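Residue-level structural notes
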Amino acid sequence: MQHRFAPTTLAAALAALGLPAAHAAGDAPSVTLNPVVVTGSRAEAASFDLPAAIDVLNREQLTAGQPRVNASEALIAVPGVVANNRQNYAQDLQISSRGFGARSAFGVRGIKLVADGIPASMPDGQGQAATFNLDMAERMEVLRGPFSALYGNHSGGVIQYFTREPEAAAVSGGFAFGSYGTTKADLTVEGKEGATGAIANVSRLDTNGYRDHSAALREQAFAKIGTRLSDVSTLSFVVNGLWQHDTQDPLGLTWAAAKNAPRSVDASALTYNTRKSIDHLQGGVTYDRRFGSDALQLTAYSGQRSVVQYQAIPISSNAKSSGGVVDFDRNFYGFGARWIARGEALGGRVTTTTGVDYDASTDKRSGYDNNKGTASTLRRRESDSVAASAVYVQSEWARDAWRLTGGLRYNTVKFDVYDEYLSNGNDSGSRDYSRATPVVGVVYALNPAVNLYASAAKGFETPTLNELFYSAGGTGFNFGLAAARSQHLEVGAKALVGDASRVNVALFQVSTDDELVVADSTGGRTSYKNAGKTLRQGIEVSAETAWQRDLRSRVSLSHLRAVYDEAFNTVFQSKAITVPAGNAIPGVPRTTLFGDLAWTPVAGITAAVEGVYRSKVYVEDSNTATPASSYALANVRLTAEQRSGHWRFSEFARVDNLFDRQYIGSVIVGDSNSRYYEPSPGRNGMVGVNLRYLW
């Protein structure tokens, strides 16, 4: 059941715009207090009734007043999630959930990414949020905590993205421009005939970048065709592509450079012309069929990804050096099947999901010396393959005020390396990981408006291929890395306050053995090792309210104590040191706070103010290097919509960092050259317009 609250609007005219509003006066945007989700349960369920911390971002929250470039635009509002725009399109967003993923040198790891039911993470756990086409956004579900264990090799959580379905025949386009020479253009066509609909989108982002040597050109394409085969079955095809060539990589800066010249670039980035090119194409199919109250769901996908990256790695005389140019072509594919059965037992309703997943990838990978921006001598050539398979079962029993859930997943991840460059020895090898990850949860309805819950699970997180690639010093595969193992505990409460507000609170603890930490990071190349035990303890609070006088507000607060729970030995700035128990895990802020207040004085016009706070962040394990300072920011946005006959118009304008604060937006954990810091822009803005014509 979806609870909504629709406040009254103030009587006013849109004379300044000269067009009628997009909505009638009584249709001001409302708050969906109890959205239906599939993440965590794998079957449709009200988020209020799940024993898990899960938030939903709807289409308006993902797109209104936003350039629709980075998922961080919307994820900033989710408690427990830190989504940093690194101002570096060569390395993608830096996303962590309850501290998992904070150490990633590029892309997203430790968090499962899914788009339209199809994995957007590779079999080894590495994903790219840039593949989410936000022009097509319908909603995003963000799961944290124990129930992520049912999604396999990802301890931090699950981000599941859904694109919208095709509507009436229409063509639409948008154009936005902003600071630092940034422009974005997109075009969408869609239509529906009978039981079949199709939608396609293309977009182009071009930016000079905030920092020197950070220009990027990103082109994306998306298409979806869906049809209802019968009253009980549907079939959907999805294709998405991303092309990003010669994206400049400004690397990090030292503390002195970040403070005195935040837009500058380290000289090594210019010397070696650090950059990355990406070609990514993926297609998938989903089939759903109901058998009475039961259902069968099938998915299959395949894709190809090519990357060429120039890193700031000097030419080395070490025969085991992999060079400073990475060049690989990856083919990947997978399938999944699940059966959802509904029935009754012991006087209660039972929903049981049984499924299998299989994902595989093969890389043809080469490494070359980087001779001042040009690939030269071959230093590495190999074939790398990863295969991940799993079987799982999950069941929920509900009766009166109680809901009990239990699940078990058995995971196997296999890495195989075939070395084809033998002049420096044979580095071929393999490593297998396997583990069962159980989860249990209980929900008790204190009353119709308040649910209390508790859950527990054991998690499993293997190294990614990137983390296995290099031993300390950048030589050879690191087959000695073990998988991290974690135990998750969570208790929480969810409350619907009247018809206008919702409040969620979660307290959690995660104990991890063999945590993967940075051993060395130089010039864009990072190696890893296992530390001892870590401990994460925290609280997450979120609230959303629709007030009178057309005001809506959101608040999310996270407080996380993420520390090493036992001492371990490591190397810091070429010196052997002992990291004591109690040191903070680097890359993880202790406190994050987001809030916004949106006002709709007239139907079709909304103004909002946003506030962001983030506490200081340590940048390496010893906690002795200067941490990135805490900061507080204010942003404002304005959106408008109008209609005229077959035409629909919408505009937005936003200013970020309104008071022009200087701050470090993200860090590179453990950089051996002390270039930990990635500065973020001062005051900056963007404006855009969208037009839509419906037949």
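Here is a short report on the structure shown in this document. (Residues numbered from 1 in each chain as written. Predicted model: local features only at pLDDT ≥ 70, side-chain atom pairs only at ≥ 80, totals over all residues. Heavy atoms only, no water.)

**With respect to the overall build of the protein chain**
Assigned secondary structure in the protein chain consists of five helices and 39 strands. Along the longest, intermediate and shortest principal axes, the C-alpha atoms of the protein chain span 75 × 65 × 50 Å. Evaluated residue by residue, the protein chain yields a buried proportion of 57% over its 695 residues. Taking as baseline every contact in the protein chain between residues at least 6 positions apart, the subset at least 24 positions apart corresponds to 66%. By element, 57% of the accessible surface of the protein chain is carried by carbon and sulfur atoms, the whole surface being about 26,500 Å². Where the 67 positive side-chain charges of the protein chain centre and where its 66 negative ones centre are 2 Å apart. (Helix = DSSP H or I, 4+ residues; strand = E, 2+ residues; numbered from the N terminus. Buried < 20%, exposed > 50% of the residue type's maximum accessible area, 1.4 Å probe, protein only. Contact = heavy atoms within 4.5 Å. Areas by Shrake-Rupley, 256 points an atom, 1.4 Å probe, with all protein chains shown as cover. Lys, Arg positive; Asp, Glu negative; His and termini not counted. Charge placed at Lys NZ, Arg CZ, Asp CG, Glu CD.)

**Observations regarding the sheet that holds strand 10 (residues 137–144)**
Spatially, 5-10-11-8-9 is the arrangement adopted by the five strands of the open sheet, whose pairing is mixed. Where the open sheet ends on each side, the last strands, each with one partner, are strand 5 (53–58) and strand 9 (118–119). Where strand 10 and strand 11 (residues 157–163) come together, seven bridges link them in antiparallel fashion. When the sheet's bridge partners are listed, E141 is paired in strand 11 with Q160. (Pairing = 2+ DSSP bridges.)

**Description of the packing of aromatic side chains**
Enumeration over the complete set of coordinates arrives at 16 aromatic pairs. With a centroid separation of 5.1 Å and an interplanar angle of 65°, the aromatic rings of W255 and Y677 are classed as edge-to-face. In this pair, W255 is assigned in helix 3 (residues 255–260) and Y677 in strand 38 (residues 677–680), connecting sequence segments 422 residues apart. Ring geometry for Y693 against W695: centres 5.1 Å apart, planes inclined by 80°, an arrangement best described as edge-to-face. Relative accessible area serves as the criterion here: at 23%, Y693 is assigned to the partly exposed category. (Phe/Tyr/Trp six-rings, centres within 6.5 Å; stacked < 30°, edge-to-face > 60°.)

**Re the pattern of salt bridges**
Tallied over the full model, the rule gives 46 salt bridges. R164 is the partner of E190 in a salt bridge, and the nearest nitrogen-oxygen pair spans 2.8 Å. With E190 in strand 13 (residues 182–193) and R164 in the loop between strand 11 and strand 12 (170–178), this pair connects stretches of sequence that are 26 residues apart. Its relative accessible area of 8% is what places E190 among the buried residues. Overall, the relative accessible area of 7% leaves R164 in the buried class. The salt bridge involving R365 is made with D384; its shortest N-O contact spans 3.3 Å. With a gap of 19 residues between them, R365 in strand 20 (residues 348–370) and D384 in strand 21 (residues 375–399) connect regions that are remote in the sequence. (Salt bridge = Lys/Arg side-chain N within 4 Å of Asp/Glu carboxyl O.)

**Examining the pairing of strand 23 (residues 429–447)**
Pairing geometry for strand 22 (residues 402–419) and strand 23, over 16 bridges, is antiparallel. Looking at strand 23, one finds that R403 is bridged to V443. As paired strands, strand 23 and strand 24 (residues 450–461) are joined by eight bridges and run antiparallel to one another. Counterpart to N447 in the pairing with strand 24 is V450. Two successive antiparallel strands, strand 23 and strand 24, enclose a turn made up of two residues.

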